[in-house]
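Here is what each chain is made of, one letter per residue.
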Amino acid sequence: MDHDRLFAIALEAANSSYSPYSKFRVGAALLCADGTVFSGANVENRSFGLTVCAERSAVSAAVSAGKRDFLGIVVATPDADYPVSPCGACRQVLSEFLASAAPVVFGCSAANRVVTTMGELLPNDALHELKERR
Ligand code: THU
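Residues numbered from 1 in each chain as written. Predicted model: local features only at pLDDT ≥ 70, side-chain atom pairs only at ≥ 80, totals over all residues. Heavy atoms only, no water.

1. Digging into a nonpolar patch on the surface
Thinking step 1. Nonpolar side chains collect at one region of the surface, where Tyr18, Tyr21, Val43 and Phe48 lie side by side and expose about 430 Å² of accessible area between them.
Thinking step 2. Look at Tyr18 and you get partly exposed, because its relative accessible area is 44%. (Patch = residues over 30% accessible without salt bridge, like charges linked within 9 Å, V, L, I, M, F, W, Y side chains within 5 Å. Areas by Shrake-Rupley, 256 points an atom, 1.4 Å probe, with all protein chains shown as cover. Salt bridge = Lys/Arg side-chain N within 4 Å of Asp/Glu carboxyl O. Buried < 20%, exposed > 50% of the residue type's maximum accessible area, 1.4 Å probe, protein only.)

2. Here we look at the pattern of salt bridges
Side chains that differ in sign of charge can pair as their charged atoms come close.
Thinking step 1. For the structure on display, the rule yields 3 salt bridges.
Thinking step 2. Of the charged contacts in the structure, one is a salt bridge between Arg25 and Asp79, with a shortest N-O distance of 2.6 Å. Of the two residues, Arg25 sits in the loop between helix H1 (3-14) and strand E1 (27-32) while Asp79 sits in the loop between strand E3 (70-76) and helix H3 (88-95), which places them 54 residues apart along the sequence.
Thinking step 3. Lys67 serves as the salt-bridge partner of Asp34, at 2.5 Å between the closest nitrogen and oxygen. Pair noted here: Asp34 is in the loop between E1 and strand E2 (37-41) and Lys67 is in the loop between helix H2 (54-64) and E3, with a separation of 33 residues, a long-range link. (Helix = DSSP H or I, 4+ residues; strand = E, 2+ residues; numbered from the N terminus.)

3. Some thoughts on the pairing of strand E5 (residues 112-117)
Both faces of the sheet carry side chains from a regular strand, because those side chains alternate between them.
Thinking step 1. Here strand E4 (residues 103-109) pairs with E5 via 6 bridges, running antiparallel. By the bridge assignment, Val105 is partnered in E5 with Val115.
Thinking step 2. If you look at the hairpin formed by E4 and E5, you'll find 2 residues sitting between the two strands. (Pairing = 2+ DSSP bridges.)

4. Section: the packing of H2 against H3
Thinking step 1. The N-to-C vectors of H2 and H3 enclose an angle of 25°; their axes lie 9 Å apart at closest approach. Between H2 and H3, the angle falls in the class roughly parallel. Taken as a pair, H2 and H3 cross one another with a handedness that is left-handed. In contact with Glu55, Arg56 and Val59 of H2, H3 contributes Ala89, Cys90, Val93 and Leu94. (Axes fitted to C-alpha atoms, helices over the stretch in contact; angles between N-to-C directions. Parallel < 35°, antiparallel > 145°, perpendicular 65-115°, else oblique. Left-handed = near helix turned anticlockwise from the far one by under 90°. Contact = heavy atoms within 4.5 Å.)

Here it is, written out as structure tokens:
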């Protein structure tokens, strides 16, 4: 997985963020097994709980386009001065499609990124254990 290229795509996607409430832009780049990349941005709402994170936007875009096999995801949080990890809800949604060994990268800049895996972010996930036994 080309982290630099995907981070650049995630950073670009953050420019589409609709975040008038938090003023915190997030972009995500989801790599499909066929090499295509789907991006997503966070979409906030005045009813705050309805906010959709960038990661879930990217998953929705990709699945809506017929993709289901993903190799990893890169998330950019350019308004933070430290890498911000995917929230618990996004970890759950990502785990539906990403193998536990799949890379998850998050960073506030190209130079300040964390590289981890789905399984590190959501350990002891029953779906993964079931999938990997099949
Ligand atoms: N947010 C994301 O889109 N992804 C993350 O990984 C962290 C949080 C969004 C949700 C909300 O629009 C804003 O960032 C502040 O929490």
